[in-house]
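A look at the structure
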Amino acid sequence: MGALSQIPALWLDVTRTLTRLGRRAPTGIDRVELEYLKAFLDAGCDRFLCRTTRGYLLLDKAGGRLMLDLAQGRQGLGRADLLSRLTFRGRRSRHMAEATLRSVAIDRCRPKALPALLARAAPQGWTYVNVGHSNLSEATLSAFGARGRSVVMIHDLIPITHPDLVADDQPANFAGRVDRVRRFASHVIANSHATGEALDLHWHGAKRRPETVVAHLGVPVLERIAGDRDPLHFVMLGTIEPRKNHALMLDAWDALAEDVPASGMPHLHIIGHTGWKVEGLMARLNAHPMLGQSIHVHGPLPDADVRRHLSKASALLFPSMTEGFGLPPLEAAIVGATPICSDLPVFRETLGDCAVYVNNPTAYQWKETIKQLIDGKITRPDLNKVRCPTWQEHFEIVADAVITTDHAGRR
C-alpha cells in the first residue's frame, strides 16, 4: 500500500483485533481493522499497539504479523502464561492471545505509563491510527495527541442517534468516546457521507474538532460460486440485533404463509452473531412453526459458506433501520444476489440504482416486494453496474488528507 508508506511514523492500534481473537466470524468493524493491519504490514510499518487487561503492548512488524496470523487462524492460541493463570483467566481466548503476544512484544507498560513508552519508542513523534472503536480512552488519546497526530475512524453514531436500538450502557459510553475523539484527534475518517453528516450535526458549534475525511470502505471482489440460483432462497446477513429488523422479516414471513402455498414458500436464511436486546426475538424464532422449514437460523458462518448462500440466493434482505456503511448489500450485489434494502441515504450513496428499495417499513410492503420479485413483476437492477470502492482507493484518500494537512502546517 504505497499511499500509507508516505505517512511518517505510523502506529496502528490493534486492540479490537486482540479482543476478538477466538471468535467464529468477524464483524464489519473487525474486518476493517484487519484490512488496516494487512495494509500497514504491506507498507512496512512496524509499530502496533494493543491495550491488554494489564496495560499496553507494543509490537513490531513480526508481532503485527503474529497478530494477523492469530486473527486469520494460521496460528493457534498458545497456553496462558503465569500472569493470566494467577488471575483465573487462563482459559479465555483473549488472555491466551495476550500471553502469546507478551512473549514477542518489544515494549510494554502499565496503563499510566503510556507517555513514557511513547517517549522511548518514538521521540520524534508519530501518526497514531485507530479504526476499531476500541481503546479510545482519554489516557490513550491524550498521550498520542501530545506530540503527534491521531487519526480515528468513526463507523457510525448509532448509539447516540438511536440509543433505543443498542445495549443499555452503549449510548453513554460511546458518547464519551466520540467526545474524546473530538478533543484529541487530528483527523476523523468517516466511512460514508452519511456518517460524516451525522458527525457534523453532532459536533455542530464545537470550538475544537478534527478534520473529517470521507473514505468509503473497500469491498472485496467476490467470485460467485457456480450453480443454479434458487428463486426462493433469501438471505439476511449481519448481527442479530434490533436495528437490523429481523422481527419485521418474521412478520413478513408470517404474512407470506397466509398468501402462498407451502410448496411455493420462500426460504429465509438468517446468518450472523446474536447481539443484544434480542431475547424476545430469539424466543420467537426458536418457537416459530416455520423454523427448519422455511426459516433457517445458521448463526455466524465462515466466509466461504456466506458466499455459497449469496451465490445461490435470489436476494439479500436488508431492512436495517440505520447504518453507517452497510457492507452486506454490496457483497450480495457483487455475486448477483439482488439487494432489497430499506430506503436509507447511505444505501443510495453506496448502491445507487443497484438495489430494490422499500420505503415503507411495514411487513405488508416487504411481503409484497418479495412476492413481486419471485413472480417476476419487479425489474431487477443491473448489478453489473455496481461500483465497489477498493481498499487501495480508501488508503489513498486517507493518506492524501493526512499528508496535505501536514504540509499545510495544521493539526
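Quantities reported herein were computed from a predicted structural model and do not represent experimental measurements. By convention here, each chain's residues receive numbers from 1 onward along its written sequence. At least 70 in pLDDT is required for a residue's local features to be given in this predicted model, at least 80 for side-chain atom pairs to be given and counted, and no such filter applies to totals for whole chains, interfaces and linings, which use all residues. Note that the side-chain values use all heavy atoms of the structure and ignore hydrogens as well as water.

What follows is about unusual backbone geometry. Of note, H133 is a non-glycine position whose phi angle comes to about 60 degrees, a positive value. The helix count covers DSSP runs of H or I at least four residues long, the strand count covers runs of E at least two residues long, and both are numbered beginning at the N terminus. Within the fold, H133 resides in the loop between strand 5 (127-130) and helix 8 (138-146). Even without being a glycine, K277 presents a positive backbone phi close to 55 degrees.

Pairing within the open sheet is parallel, and its six strands lie in the order 11-10-9-12-13-14. In the strand order of this sheet, the two ends are held by strand 11 (295-299) and strand 14 (356-358), each with one partner. Put simply, the sheet's adjacent strands are angled 25 degrees from each other on average, direction ignored. Pairing between strands is defined by DSSP: at least two bridges between them are needed. Summarising the sheet, strand 10 (residues 267-271) and strand 11 pair through four bridges and their orientation is parallel. Within strand 11, the position partnered with I271 by the bridge is G299. Contact between two residues is taken to exist if any of their heavy atoms lie within 4.5 Å; hydrogens are not considered. Fitted lines through C-alpha atoms give the axes, limited to the stretch in contact for helices. The angle between two N-to-C directions lies from 0 to 180 degrees. Here helix 12 (residues 246-259) sits on the sheet and contacts strand 9 (233-237), strand 10, strand 11 and strand 12 (315-318); the angle it forms with strand 10, its principal contact strand, is near 165 degrees. Each of strand 9, strand 10, strand 11 and strand 12 touches helix 14 (residues 303-312); the most contacted strand, strand 9, lies at about 140 degrees to it.

We now examine the nonpolar core. Inside soluble globular proteins, nonpolar side chains tend to come together where they are buried. Throughout this description, the term nonpolar core refers to a set of buried Ala, Val, Leu, Ile, Met, Phe, Trp, Tyr and Cys residues connected via side-chain atoms within 4.5 Å. Exposure classes here rest on a 1.4 Å probe applied to the protein chains alone. A residue is buried below 20% of its type maximum, exposed above 50%, and partly exposed in between. Residues Y36, F40, F48 and M67 are the most contacted members of the largest nonpolar core, which totals 70 residues. Here F48 is in contact with L12, V14, L37, F40, L41, L57, L58, L59, D60, K61 and G64, once residues within four sequence places are set aside. The next biggest cluster of nonpolar side chains, apart from the first, holds 29 residues, and it includes M265, M282, L317 and V358.

Attention shifts here to the side chain of D30. With respect to the helices and strands, the residue D30 is situated in helix 3 (residues 28-42). There is a polar contact of 2.5 Å between the side chain of D30 and the side chain of R16. The residues contacting D30, other than those within four sequence positions of it, are R16 and R20. Pairs of N or O atoms are called polar contacts if they sit within 3.5 Å, as long as, within protein, a hydrogen donor faces a hydrogen acceptor (for residues adjacent in sequence, only side-chain-to-side-chain pairs).

Any aromatic ring pair is given by two values, namely how distant the centres are and how the planes are angled relative to each other. Any two of the Phe, Tyr and Trp rings considered here, Trp counted by its six-membered ring, make a pair once their centres fall within 6.5 Å; the pair's planes then place it as stacked at under 30 degrees, edge-to-face at over 60, or tilted in between. Taken as a whole and judged by the stated rule, the model has nine aromatic pairs. Ring geometry for Y128 versus F144: centroids 3.9 Å apart, planes at 15 degrees, classification stacked. Residue Y128 is located in strand 5, and its partner F144 is located in helix 8; the two are separated by 16 residues in the primary sequence. A single burial state applies to Y128 and to F144, both of which are buried. Lysine NZ or arginine CZ positioned within 6 Å of the ring centre and within 35 degrees of the ring normal marks a charge as sitting over the ring. Between the NZ or CZ atom of R51 and the centre of the ring of Y56, over which it lies, the distance is 5.3 Å. Against the face of Y357 rests R348, its NZ or CZ located 3.8 Å from the ring centre.

The contact between helix 12 and helix 17 (residues 363-374) brings their axes to 8 Å, and the two run at 60 degrees. As judged from the angle between their axes, helix 12 and helix 17 are oblique. Taken as a pair, helix 12 and helix 17 cross one another with a handedness that is right-handed. Residues L248, M249, D251, A252, W253, A255, L256 and D259 of helix 12 touch helix 17, and the partners they reach there are A363, W366, K367, E368, I370 and K371. Residue composition of the contact of helix 12 with helix 17, by class: nine nonpolar, no polar and five charged. Angles below 35 degrees are treated as roughly parallel, those above 145 as roughly antiparallel, those between 65 and 115 as roughly perpendicular, and all remaining angles as oblique. Crossing chirality is assigned from the near helix's rotation relative to the far helix, an anticlockwise turn below a right angle marking it left-handed and a clockwise turn marking it right-handed. As a working rule, the residues Ala, Val, Leu, Ile, Met, Phe, Trp, Tyr, Cys and Pro are called nonpolar, Asp, Glu, Lys and Arg charged, and the rest polar, with Gly in that last group.

Of the two faces of strand 12, both are covered, the one formed by A315 and L317 as well as the one formed by L316 and F318. Taken together, the two bridges between strand 9 and strand 12 define a ladder with parallel strand orientation. By the bridge assignment for strand 12, F234 is matched with A315. Relative to strand 13 (residues 338-342), strand 12 runs parallel, the two being bridged by four bridges. Across the sheet, the residue bridging to L316 is P339, located in strand 13.

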